[in-house]
Structures are given as C-alpha cells and as structure tokens.
Amino acid sequence: MAGLATVFGSGAMTNSIPEIENNDALLVIGSNTTETHPIVALRMKKAFRKGAQIIVADPRKIDLVRFSALWLRHKPGTDVALLNGVMHVLLKEKLIDRDFISERTEGFEAFRKSIDSFTPEAAQRITGVPKKDIIKAAHIYGKAERPAVFYTMGITQHTHGTQNVFAIANLALMTGNLGRESTGVNPLRGQNNVQGSTDMGCIPNQFPGYQRVDMPSIREKFESAWGVRLPDRPGLTATEMADAAHEGDLKALYIMGENPVISDPDTNHTRKALQHLDFLVVQDIFMTETAELADVVLPASCFAEKEGTFTNTERRLQRVRRAVAAPGQAREDSEIIMELSTRMGFDMKYRFMEEILREIGRLWPAVAGITYERLGMRGLQWPCPTHDHPGTPYLFKGGFPRGKASFTPVEYEPSRELPDNEYPFVLTTGRQLFQYHTGSMTRKVAELNAVAPTAYVEINARDAASLRVADGDMLTVSSRRGSISLQALISERPADGVVFIPFHYREAAANVLTNPARDPICNIPELKVCAVRIEKAGAG
Amino acid sequence: MIHLTINGLPVSVPEGTTILDAARSADIPIPTLCHHPKLTPYGGCRLCIVEVKGINRPVTSCTTPVAADMEVATTTPAIEGMRKTILELILSDHPNDCMVCEKAGDCALQELAYFYGVRENRFDGERRCYAGKDRNPFIDRDMEKCILCGKCVRVCEEVQGVGAIDIAYRGFNAKICPPFEKDLSCEFCGQCVSVCPTGALTGKAWTQRGRQKDIKEVDTICPYCGCGCGITLHVRRNEIVRVSSREETINEGWLCPKGRFGYTFVNSPERLHVPLIKEKGVFREAGWDEAMSLIVSKLGKIKKKYGPDAIGGLASARCTNEENYLFQKFMRAVIGTNNIDHCARL
Amino acid sequence: MRDPVKSNLTIRVCMGTGGIAAGGVEVMAVFADRLAGRGIRADIRKHCSIHKVGCRGLCAKDVLVDVILNGDKTTYQFIKPDMVERIIEEHVVGGNPVLEWAVGEDYHQFHDKQVKVVLSDCGNINPEEIDSYISVGGYNALERVIKKMTPAETIALIKKSGLRGRGGAGFPTGVKWEICRSVEASRKYIICNADEGDPGAFMDRSVIEGNPHAVIEGMTVGASAIGADKGYVYIRAEYPLAVERLKNALKQARERSFLGKNILGSGFSFDIRIKLGAGAFVCGEETALIASIEGLRGMPRAKPPFPVHKGLWGQPTVINNVETLANIPYIIRNGAEWYASYGTEKSKGTKVFALTGKIRNSGLIEVPMGIPLREIIYDIGGGIENNRKIKAVQTGGPSGGCIPAELLDITVDFESLARVGSIVGSGGMVVLDETDCMVNIAKFFLQFTQSESCGKCVPCRIGTKRLLEILERVTEGKGRLGDIELLESLANDIKATSLCGLGQTAPNPVLSTIKYFRDEFEAHITKKKCPAGVCRDLLSFVVLKDFCKGCGACKRVCPAGAVTGERKQVHVIDPEVCVKCGACYDACKFKAIGKG
C-alpha cells in the first residue's frame, strides 16, 4: 500500500470488481486469484469469456492459467526483472502513452534509463521466462484498450515488495493505463476488512483517512475533535512491536482479533516476543494460539453478531448486520473498547453505531457522504464526499491526489535468502481455497476440514522422485529458523526446486520456516521466498 | 428500440431482448424452471412457451428475440394447457415428498404445481430411482428430485469455469452427474445449489435445521477474504442454518465454499463466552468487571512507569470500520501512543 | 488405369455392406483365385479385371455378380463361393451363361421404374478409385463451378433445379446456400450430415460406400458457393466401410487437387475433415450435430439463430445431408432443367428410399418424386411376401407415419405425404402386412425415439416415456378406457412443445396409427385382443379338435409343459400354464393350433 500511495498519493484498488469483466487484457501477477479471491476470479473468467487476454505471471501453475492467453513462470522473487523486461519492450516498440507521461507524470527520463539494461534476453536470464513470452506479454498489455494489473501478496511479501509495486506502477504510468474505467492497478486485499482497518487509521503513521500523524495541522484537527493531546511521533508496525517486545522496550500489547503467532513470519520468534511482554490482552472469538499466551482473554463477537460496516478490496463500504446474539457473556468489540476507555478516564460513548461513522466522516471527507441508509445492497465506494455523491468506482479520473504521479526507477534485487547446498529448495507460502488465514474460523467448520484436513507441502513429481518421496509421505521441512512435519502433495503446480506450503495449519505452521527479513519501506516480511531443506520424516 | 405487444399491451425493448425479458420488463409473469438471467438461455423446461401471431407453433420466450410488431400472447388456454401437461409430466417423475423436503416453501416446482393446481396427474409410470449417495461433505445431490433444467451444469461451466458435472445417459435415463458418476469433487462453491429450482441440490448442513417459513433472513457481508461478498444469513432460533446470496449483490449472488458453507464456526462450542484471566499459567473464568479492572490497572501502571509508547495495539482486519476506528482512537487518545497496527501486511 | 470397357472380361461383385455381409468378399476371392488358376492354363488372365463396386440396391438378392463377356452382361443373384466354379466353367470358359442362377424378371422390373441420379454410378464405378469416378464425368462439375461460374450463378442453378434437402425437412438447398453466402463472417463451414440414424435406413451409407467422390464434389461445390474453406463430414462410427472409403477418397481428391489449397489452380481452397459420431440419433439434428463436432454433448439448442447464421464455432454453417450433396455434381453436369424435369411442381428430382418390411424386393431404390406409392410397392418392390394383404406403408422412420393400404394411390413427394400425416423424411419405407400389429409398430418406434431422446426438454424426455408406457400397457392387455384420447392429447402436446425435431416428430407414429387404425387400438383396450395376433399377452392358443391328429409334436416342443394328451388323441393346451411362445403353432403340421 505504501508503494502505491507514494506513487499516486493513494494506495488502493484503482478500479472496482464489476469493471473487471470489461478489461480486454489482465496482468495477474503474484495472485492465486481463484483460491484467494474466488469471486474476483469469477469476474476475470467472465472477462475471459468476453474475449479478454489474461497474462498470468506466477511461479506456480495456478488454476487461472487455464484461462490465460500467456503464462509466465518466473522464478520466485524476480518480479522486478520480469516487469522491467516487459517495460523495456514497450519502450522499444513505442507502446507507450507520450501525452499521459508528459501531462500527468514526472521522473520519466530517469526511469527510462533505469530499464535500459533489462533487455528481454537479460530478463530471461534472471527470471527464467523465455524472451518471446516477455515480448508477447508486452504486446498483449501494450496494445490493449483497457488493461489492468492485479496483484496480491505474491508481489508485496518480499524484502523488495515496495520495489515490485513501484515497477507495476511504472508499467501503468508509461502506458497511460490509469484513470479510466476498467483500466488501472489493483492490489487485491486478502481479508474482509483489511482495507477498512487501514482506512480507519490502524497504522502507526496515519490517522483515519491516510492523514499523517506527524503533520501538525492534521493532528490539531483530531485533537480538537477528540478533546485530547495526541502523540506526534509515528508508532511501531506490528513486526517492529514484536521486535520491541523481544528487546523489552514494549511492555504491554492489546490484540483485537488477530493471531500473529500463526500469521507472522518466524513463529518461534513471535511466540518468544509475546511471552516476553509484561501484559498481553487478547480479545477474540476463539482461544487462538496467540490468546493462549495472554494474561487476559476477552470474549468478543463475530461478524454475525454485530452492526457496522466493512470496506472491501475495492474501497466499498457495505453494511454488516446482526443476525444472532453472541454466546454467553461475549460482547461486541466496540462495547468493550468504549467501556475500557471510559474506565480509563476517557468518556467514549456512542448511542448507535452509525454515530461513529458520522464522526469518521467529519474527520475524513472521503466518507462524509456515506450513511447506513445509502449503503443498500451494494454499498458505496469512497471517495464519497457528499450525500448526493454516487461514490467512486475508479480512481484518478481527472488526476492524481498528489498532482503528478512519479516514476520510480527500480533495480532488481535478489531475495534475501536463496537456496544453497544446505537448504536447496525455495519455499513459497500462501492460501488455499478451503481454509482461511490462520484457520481460527475455517478449522472450526467440519465440512471445510473434510476436504482440506491437513497441512501439506506441494512439490512437483521430478523433485519428489529425486527425493524418493511418494504422494502422501510425511516429510520434515526445515529452514534456518525451525522445522515442521507435513504430508507431501505431488502436484504439477510448482516449478523444479520450488515448494509451496499453505500457512493455515497450526500443527505445521509454515511461518515456523519463513524469513522475517522485511521490506525496508513498508515493513512487510518476506513470506514468499525462503530456503528450505526437505527430508522424509524419521529419516533424520 | 423494438415495439411489440404482449397480451395486447404495447412494450418497447432494445433489439436482441428475448420475449421473456420483454415480458418481465412489463411486469408480465411467464413461468420458467430452466432460465437464469446470468446463464445462456437453455429452452429445456418448455414452460415459458408463448404464442406469437403468425408462427404456427408455440415458441419458448427465453430463447426467442423480439421482433418489430410482434404480437405475443402469454396465457391463452392452449398455452396454459400445455404448461399444465409439462408440469404433470415433471411431477409424474418427481418424488412426492414435499413433507420432508428441505426446499419446501422455497421450491420453484412446488410453486408452479400450486398455481397450476396440479393435484390429479394423468400420467403415472416409472420413476427414476437411484441407490447410493454422493459422499462429498457439502452438497446433497438427490437426483430423483432433479428436473434436468441444466442450470447447475451451466453455472459450473459458464460462471465457475469448472465443468464438474454434465448430463450423462439419454432419454428418460438422462442424469446430471460428475464424470463416471463418482462423488462430486470440485471447488464446492455451491453455485449449483444456489440456482437449483428444486430440492435436488441442497447443503448437507441444512438438513432438518428449519425450512423457509421459520427463517429470518439477514443481509450482511462475508467475513472471509477481501472481495466483500454480500451474503444472506438464514437464522432460526439464534442459529445460522444456511447462507445464500442475492443476485443484486456486487458478487451477483455467487459465493465460494468458505462464504457459502463456512458459517458453522459462529455456533461452535469452542467460542469464547466468558472473560478469562491467567493465574500461574492457567486460565480461570472471570467476570467482566474483574477483567476490565485488571486491564485498566495493568495498562495504567505500565503507562505511568514506562510511558505510553511501551504499550501497543493490534487491530483486526476482521472487525468493522467502526470498531477499528474506536480501537485506534483508544490507542491514540486514551493510551497516548501511535503504536497501532493491523495485519495488512500478511 | 484399367478401363472396364476395353477388357473382354469383367467380373463385378457387389461389395456394399449388404453384399459383404452376404459373402461378397469370399465370392470375389474365389473368382480371383479360380481365374488366376485357370488363367495360367487358359491364357485369359490378363484380360480379366475384378472390381469392387458399391451397392446396386437389390440387397435381398446379394451376392449379386455381373459377368461381362465381350460386352454382354449377365447378372447373377444369390451367389455363394461354391457357385463360382460353375460360372467360370460354363460361362467364362464355355460361353454359356448359367441361366438358372441369373436374375429374373423381377430384377429387371426392380430397376425399370427407377430413375437413378444419385445412385446412377453406384454399382458401376469402383468407389476406391478416383479415376473410375472421373471416367464417368466426375469432378467436371467442380472444375466448371470454380473456373467458369460465380458463386451466385452456382446458387442460382441449384435454386432453379428445385433441389430440396434430402435429410427430412426438405428445405430448398439453393436458398440455404444463398442465405449463408449473404451472412458476413470471417469464416464459414459446410457440414455433410452422414449421421444416418433411422432404424432400417441405409441410403446415405450406400451412397458413400458406392460413390464417395460425388459427396466430396458436391461439398466442394457447396463450399465454393457459400465461401467456406473448411468442411466436416459427420458420420457414424458404426459405418466403418463408408468411413474407410471416404478417407481413401479424400486422400485421392487431395492428390488430384480437387481438395486442399488452391484447388485446380483456381485460388479457391477448401478441405474436409471427418468427424465420427457415436451413433446418437439426435445428432442428426443440426444444432446437436454442431455441438457434437465442437466436442460437447450432442444436444440441440433453440433456433433461431439457425446454423446458416450462427453454426459451428458460432460461424455461418451450411449443413446438407449426403444424398443432397451427392445430387449436386449431377445437377451441375446435366443442368437444372434436366433435374427439374423429374418430380412434381414442388418436389423436384429423385429420392432414394430404403424399401424394407414385408416386401419381395427389399433394397435401395431411387425413384422420381411424384411416383405413385402403389408402383413402388408392386412394380419395383414386387408386391408383398407370401401374397399376404398389405396393411400400411410406414415412411419417414421414427419421425414419420403410417399410410394405410386404402391410400396406396397417393404420389410420393413432400407435399402429399405430409397431407396424409406422414413425411418423406430421410427415406425409410417399411411395408406392413396383415400380420403386423399397428399398436406394436407405434410402440417399436416410440421405444426407439424415447431411448434416443437427449433428455434436454421435458416433453421429449418424460412425455415420450409416458407415451411408450401407455402403448406398452395397451399391448399387454392393461389398456384403460380413455387411453386413446390420452395418447392423442399427450402426443399433440409433445409435438407442440418439444425443443427439436426429434421430439416434435416422435409422436407421429402414434398419431398416424391411431388416425388410420383406431379400431386396432380399441380392440386391444376393450376386447383385450390383438387382431394381427402379434401381442403375446393378448394371445391364446387352443387345439382345434377337428384338425388334431394326436401326433404329439406340440407336446414335445412346448417348453412349459402346457400341452397334454395321449398319442392319437386330441391334445389340450392348459391356458394357465401356456407361456404363449407359439412353438406349438409352428410345430403343428396340420394347422391344428388356433391362435387368437
């Protein structure tokens, strides 16, 4: 998000889900869309049926490849080289938008020089993708009327994740493929209200609405609205908090509905950090792996037990409605926070949920026009500044919030941990269709667990044969940080030397293995590439 | 625009519109069992037949485009008679077990049988009889109730792009099944369940959990990934017994296996239902007052001793906007720190 | 190439599927062997040629063999391998035809009233040699069309000839081509429908087996007229000989530049692929056929759009049947007027029928449209077997109807058959006599259509099943009062509401039999009797006292032990034990078993 915000001044999907079916070219990179965003994938399939050409760039032969005009199997972590190679072709063949570049962007010349060396041949050497496919990708994207790029964590969860995003932004800027319907750059958000939590200021450097905590005028606005003095220094990110806890600088942590023990890299490190705290409060609906470490556990309500709004990946606020009562003494998260605040001397009281949204609207104009009544069946997409504004399906129609968008020269940097003799395989992690995130919800659903009961490591038949491993064998997968045992799943999806593990399973948590090395700009850990060793369980 | 009349009523619709859509736009009902607005017209159930002046046989309104000056009649005695014959034929090969059917009250076939008053049936004879059950965990496939409308086949192919099922065999023995009649093994999105007009496809988890008349429907948003699908929770006695989705949602009524079938965690006995306080490494139940007091005093002491930045908060991508707003406000305004984050990065 | 006219001895053995089934391969092998054997001694070997020829129609008399010696032709019938020696000995060597084995008067009569266009070269040329076809003028039409005529002229000529589709519906071929030509599209297709599925029909099969190049030439002419560059022959896999000969013919046509890129240097390119069908009757329906070629389940879809607008892979597509296409070269060669000189005002040309049933000369016939049905039955067909009384003629296969004996003087063409409730269809013609039960006939066809329904639409899938079940109970003596009316009502609703031609015509056999033979239905239902003595459940067998000699033959053959009686005494059948198999009836030499 930080990457896109740097370039455009706003970091969210530029287009909306219904627009996808009218794309005539789609570049899907680092997104196993059919499993992680199945309904977005339906629109992609619809676009395919309407004649769109889909380029899938993924080290794995994901299901979307069936619908693709072109599949680029690049080596994990080589996205920058691949994208730069494509852009090199676009530039060489003049498939760029001169007017757009001169009117709405800056920094083109420096960028142009930066991709000089990324000939298709050079890109092929780094990525393993044949140069003819790189050229073909450039032709499909460059000649399309309404192309859009879609990506998820396959792009961002790298030590150079922000660089990856910059490269995608460069691609869209040089071709002028922004600010139009069905044309743009679309990071797909992985959790139902992750967009909302960011929008709402649950980030250490920004208040709600991406307003910086270190800008005095903004801070004053919030101080006067809330009636207190507010801190002016950006805080710590989640992974920095874990480090600070480890170091003893952070003494207490209040976790509302998260399970970092499973979701964060290097589980052993996270667990130790949390155990090091003086005081840990976890507010959740289940006794998660994280809650087990808490001093106090508060029973909260799930989505079906509360009123409010969620904001989906396309900036769309939609109504959440109470269907059932929470079990036992469990309370709504908002009620808990209000009471806690009041007990701590800050009178936080709202008569009804919408009152909170009204307060948000007063502080962040982009949602000022949104009321519960207006949300209806299909919600409203911010920006929606006034009560008669229809919402904004796609961004940057007239220009960018920061004026001109900037090109950012991006150099290829290898992933931090590459395979070697000791750890010869590349591990990449992600989700699968039938489980969700840390499994705290889906693993309580019997039907889902009937079809996806156990953790597995996906490995291709050639690698399996070289390790003398059969489908279903128990394997021990180890990295420099730990090891887990799980079943082998022989599949044609991974490339040679690459294995995949879904991270949903606590008993074989992929994040025991992953590398906590982080992107220096936005602190996202490198969950998509680390080096592992694979042995048959019990073989030593 | 094409101008035509339906039952004498002038109707204007864009070229290419089917007679069925034209009629529906004018609020003239035409019965159908195999039509779905998002799927390729099929023309299998034959119930949507209408008379068009100048054409000597009935035409199916779902497949016939309008033409200028067309005169359409939707409910002549002859047409209604043929529709009744078709319903009798369908019902002559359909189990009469509405009494125990999950779909009763929400069944398109039952509805039509009611409106056409099909009590006596001129036709009897052999009925399809299938031994063996599909053992997949999600979808009950009772093929004796299948009317071969083909919606499931089309939605699986045209919307989901999976093609897990198709029609096998011929004539009276025609049957919709997975390849070689094996157990269904697919993405289990349940799109087929959502379009099935009868009780042939239902959720296994729905069984004996309550029928439509007892159910309260609550429209809300799916708790899983970032697509933000609109879902409808079917609630009976404070329990979610089924999930569906409306066509007018941004997801067009389509869902994934988690969204459609992954709701039972809400009623899980493992839910936390009382505050817990850990003492000597073991949790014990506590009252809210005690838990709150402990948190207030602990946080207060730490803030006093080490400053507000010794405290951090992690908000949740699964909580609402309002809750997240309150949580960051709590961290910033009450605790006094910007140590607030969530797991957007993971 | 060997030219049959120049040899002084030609042996021609009928090698259609019927001929092969009757032993044609063996007969020809024996001829080759014995002639070779004698050839060494008699020194006539080099003058001999043996041709495989296609069907000549009179399958009932297979194996048919022509021996042409010095220009004089003798045709032999019912030839078996062990008869070859005598033919060679007496005819080839001795010069005296074996007259007792030669075909008789009825063979000539069978051919005299026929007019052969499509079948004119079948049986005379070697279907496996392209030169044999070229020697009778083959591929002249194609050359003329692509070198000297515009597509519009070709279409005009076909329209003028009055040729109508021979697959069943009788749509004017030239009009179909014209519509397809007028549709703008990047690619067009022509498909030859060789999915002949009617029970007992073998017209298309015989044409492909006997003269595959005519079909290829017709298709290529059609392709050039509509602007197609790709064609498919959709043919049932159950026709292995036809497929083999077609493959061979396609290969030869490509070698001679009658197919492929830049045909005969004209700049026009066209090629044909064979697509094997799995024998589903419904795939004869054009939209189902298209679905099948596309790799989908063969199920029809609603029309419009018609295939000429949106057909194979969504492109404009002409689908013509085998016989239609095989007519094309002859029409181009001989002119539209020549073709139109046969037939009636609205039904031009000739039509091939598969004449079967209780008829003496069963086989494949080609007659001018408008010929009286009576002439087909009595002059060509030689009348009814065993001189029984004719009851009806069923035409058009499972989609057709029964024409009762009283209407035998009607002419055979699209219009007049439709007027009496039947159709020309693809050309099935089954002759029924007094021993045929009309309820049973209707049931037979319904069994077929019901099991061949694709299952897509309700009236066809369930409706034909219910029709069949009612017919079954009527033939089992369980018919209910009101069943005739119920049959009529359901049949009419199925006709009106079914999706495709299969369902829309499936009730025809029921409706037409009820129309003309209602009394037979009534007898089954009210009197529980089958007047024709066919429906087993309605039969009873009794010993006729006056004729029984007490020989015991009936008792010996009865599988159920239902017959009792002392030797030389009148025997008795116990109706409670009798299983109505009819063995006693067949075994009795004294006609002492009564059936009824």
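Residues numbered from 1 in each chain as written. Chains lettered and ligands numbered in written order. Predicted model: local features only at pLDDT ≥ 70, side-chain atom pairs only at ≥ 80, totals over all residues. Heavy atoms only, no water.

### Considerations on the interface of chain A and chain B
(1) Moving on: Every contact between the two is made by 151 residues of chain A and, on the other side, 111 residues of chain B.
(2) Moving on: Taken over both partners, the interface formed by chain A and chain B buries close to 11300 Å², and the fraction arising from carbon and sulfur atoms is 65%.
(3) Moving on: Among the residues chain A hides against chain B, the three largest losses belong to F303(A), M344(A) and M377(A). Together they make up 6% of the total.
(4) Moving on: The interface formed by chain A and chain B includes eight salt bridges. (Contact = heavy atoms within 4.5 Å. Buried area = accessible area lost by both parts, 1.4 Å probe. Salt bridge = Lys/Arg side-chain N within 4 Å of Asp/Glu carboxyl O.)

### Let's talk about the sheet that holds strand β14 (residues 380-381) of chain A
(1) Moving on: Judged by pairing direction, the sheet is antiparallel, and its three strands sit side by side in the order β12-β13-β14 (chain A) without closing on themselves. Looking along the sheet, the strands with just one partner apiece sit at the ends: β12 (308-311) and β14 of chain A.
(2) Moving on: Along the sheet, helix α8 (residues 321-335) of chain B contacts β12 and β13 (316-320) of chain A; its crossing angle with β12(A), the most-contacted strand, is approximately 90 degrees. (Pairing = 2+ DSSP bridges. Helix = DSSP H or I, 4+ residues; strand = E, 2+ residues; numbered from the N terminus. Axes fitted to C-alpha atoms, helices over the stretch in contact; angles between N-to-C directions.)

### Some remarks on the sheet that holds strand β15 (residues 428-433) of chain C
Residues and elements named next belong to chain C.
(1) Moving on: The sheet built from five strands is open, its strands ordered β10-β9-β15-β12-β13 with mixed pairing. The open sheet terminates on both sides in strands that have one partner only, identified here as β10 (363-368) and β13 (401-404). The average undirected angle you get between the axes of adjacent strands in this sheet is 30 degrees.
(2) Moving on: Summarising the sheet, strand β9 (residues 350-357) and β15 pair through four bridges and their orientation is parallel. Bridge pairing in β15 places L355 opposite M429.
(3) Moving on: Helix-sheet contacts for helix α9 (residues 203-210) involve β9, β10 and β15, and the interaxial angle to β9 is about 115 degrees.

### Remarks on the domain arrangement of chain B
(1) Moving on: By domain assignment, chain B separates into domain 1 (2-75) and domain 2 (309-346).
(2) Moving on: Placing the centre of domain 1 of chain B and that of domain 2 of chain B at their C-alpha centroids yields a distance of 56 Å. (Domains from an automatic or database assignment.)

### Some points on the interface of chain B and chain C
Many structure descriptions define interface size as the accessible area lost when the parts assemble.
(1) Moving on: Listed as interface residues are 32 residues of chain B and, on the opposing side, 35 residues of chain C.
(2) Moving on: Where chain B abuts chain C, roughly 2800 Å² becomes buried across the two surfaces, and 55% of that area is made up of carbon and sulfur atoms.
(3) Moving on: Taken as a group, R46(B), R170(B) and F172(B) account for 22% of the area that chain B buries against chain C, more than any other trio of residues on that side.
(4) Moving on: Scanning the region where chain B abuts chain C turns up four salt bridges.
(5) Moving on: Between R170(B) and E452(C) there is a salt bridge, with its nearest N and O atoms 2.9 Å apart.
(6) Moving on: Linking chain B to chain C there are 18 residue pairs in polar contact (both at pLDDT 80 or more). (Polar contact = N/O pair within 3.5 Å; in protein donor to acceptor, adjacent residues only side chain to side chain.)

### Examining the arrangement of the chains
(1) Moving on: The protein chains that touch form two pairs of chains, and the pair with the most contacts between them is chains A and B.
(2) Moving on: Across the gap from chain A to chain C, with no contact made, the nearest C-alpha atoms are 14 Å apart.

### Brief notes about the pattern of salt bridges
(1) Moving on: Overall, the coordinates contain 91 salt bridges over all chains when judged by the stated rule.
(2) Moving on: Across the pair K133(B) and D140(B) runs a salt bridge whose closest N-O atoms are separated by 3.5 Å.
(3) Moving on: Residue K133(B) is classed as exposed on the basis of its relative accessible area of 55%.
(4) Moving on: We note a salt bridge from R245(C) to E128(C), for which the minimum N-O separation is 3.2 Å. Pair noted here: R245(C) is in helix α11 (residues 240-255) and E128(C) is in the loop between α4 (105-112) and α5 (130-135), with a separation of 117 residues, a long-range link.
(5) Moving on: Put simply, E21(A), R43(A), K46(A), K50(A), K38(B) and E252(B) are held in one network by salt bridges that share partners. (Buried < 20%, exposed > 50% of the residue type's maximum accessible area, 1.4 Å probe, protein only.)

### Focus: helix α10 (residues 161-174) of chain A
All names here are of chain A.
(1) Moving on: Given a rise of 1.5 Å per residue, 14 residues ought to cover 20 Å, and the 20 Å separating the end C-alpha atoms of α10 matches this to within 8%.
(2) Moving on: Taken across its 14 residues, α10 has 14 buried, putting it largely inside the fold.
(3) Moving on: The first or second residue beyond α10 is G176, which carries a positive phi of 65 degrees. (Expected span 1.5 Å × (residues − 1).)

### Digging into the packing of helix α7 (residues 151-161) of chain C against helix α10 (residues 212-226) of chain C
All names here are of chain C.
(1) Moving on: One can describe the packing of α7 onto α10 by two numbers: an axis separation of 8 Å at closest approach and a directional angle of 125 degrees. Judged by the angle between their axes, α7 and α10 are oblique. At the point where α7 passes α10, the crossing takes the left-handed sense. Residue-level contacts link P151, T154 and I155 of α7 to V221, S224 and A225 of α10.
(2) Moving on: When its residues are assigned to classes, the contact of α7 with α10 shows four nonpolar, two polar and no charged. (Parallel < 35°, antiparallel > 145°, perpendicular 65-115°, else oblique. Left-handed = near helix turned anticlockwise from the far one by under 90°. Nonpolar A, V, L, I, M, F, W, Y, C, P; charged D, E, K, R; others polar.)

### A word on the confidence of the model for chain C
All names here are of chain C.
(1) Moving on: When pLDDT is averaged across chain C, the result is 88; 95% of the residues are at 70 or more.
(2) Moving on: The model gives residues 1-6 a pLDDT under 50, and that stretch makes five contacts with residues more than four places away or in other chains.
(3) Moving on: Between residues 40-49, whose pLDDT stays under 50, and residues either more than four places distant or in other chains, the model counts 15 contacts. (pLDDT = per-residue confidence, 0-100.)

### Digging into a nonpolar patch on the surface
(1) Moving on: Among the surface-exposed residues, V542(C), L544(C), F547(C) and F590(C) lie close enough to one another that they form a single nonpolar patch of about 330 Å² accessible area.
(2) Moving on: Tracing the backbone through its elements, the reader meets F547(C) in the loop between β16 (541-543) and α22 (553-557). (Patch = residues over 30% accessible without salt bridge, like charges linked within 9 Å, V, L, I, M, F, W, Y side chains within 5 Å. Areas by Shrake-Rupley, 256 points an atom, 1.4 Å probe, with all protein chains shown as cover.)

### With respect to the packing of aromatic side chains
(1) Moving on: The tally for this structure, following the rule as stated, stands at 34 aromatic pairs over all chains.
(2) Moving on: For the ring pair Y436(A) and Y224(B), a centre distance of 5.1 Å and an interplane angle of 80 degrees mean the geometry is edge-to-face. Here Y436(A), found in the loop between β16 (425-430) and α19 (446-451), pairs with Y224(B), found in the loop between β10 (216-221) and β11 (230-236), and the two come from separate chains. One exposure class covers both Y436(A) and Y224(B), and it is buried.
(3) Moving on: Ring geometry for W338(C) and Y339(C): centres 6.2 Å apart, planes at 55 degrees, overall tilted.
(4) Moving on: Members of the aromatic cluster, connected to one another through ring pairs, are F286(A), F303(A), Y436(A), Y224(B) and F265(B).
(5) Moving on: Its end group placed over the ring of Y306(B), K251(A) keeps NZ or CZ at 4.7 Å from the ring centre.
(6) Moving on: Sitting over the face of the ring of F286(A), K444(A) holds its NZ or CZ atom 4.2 Å from the ring centroid. (Phe/Tyr/Trp six-rings, centres within 6.5 Å; stacked < 30°, edge-to-face > 60°. Lys NZ or Arg CZ within 6 Å of the ring centre and 35° of its normal.)

### Regarding the pairing of β13(A)
All names here are of chain A.
(1) Moving on: β13 sits mainly inside the fold: five of its five residues count as buried.
(2) Moving on: Note: β12 against β13, four bridges, orientation antiparallel. From the neighbouring strand, T309 faces β13, where its bridge partner is R319.
(3) Moving on: As consecutive antiparallel partners, β12 and β13 are separated by four residues, and within that stretch R315 has a phi angle of approximately 65 degrees, a positive value.

### Things to note about the environment of G503(C)
Residue and element names in this part refer to chain C.
(1) Moving on: Among the secondary structure elements, G503 is positioned in helix α20 (residues 501-505).
(2) Moving on: Assessed through its relative accessible area of 1%, G503 is described here as buried.
(3) Moving on: Separated by 43 residues in sequence, G503 and C460 have C-alpha atoms that sit 5.0 Å apart.
(4) Moving on: Those residues in contact with G503 that sit more than four places away from it in its chain are C460, I494, K495 and S498.

### Here we look at a positive patch on the surface
Residue and element names in this part refer to chain C.
(1) Moving on: A contiguous patch of positive charge on the surface is contributed by R556, R567, K568 and K589.
(2) Moving on: Position of R567 relative to the elements: it lies in the loop between β17 (563-564) and β18 (572-573).
(3) Moving on: For R567, a relative accessible area of 61% translates into the label exposed. (Lys, Arg positive; Asp, Glu negative; His and termini not counted. Charge placed at Lys NZ, Arg CZ, Asp CG, Glu CD.)

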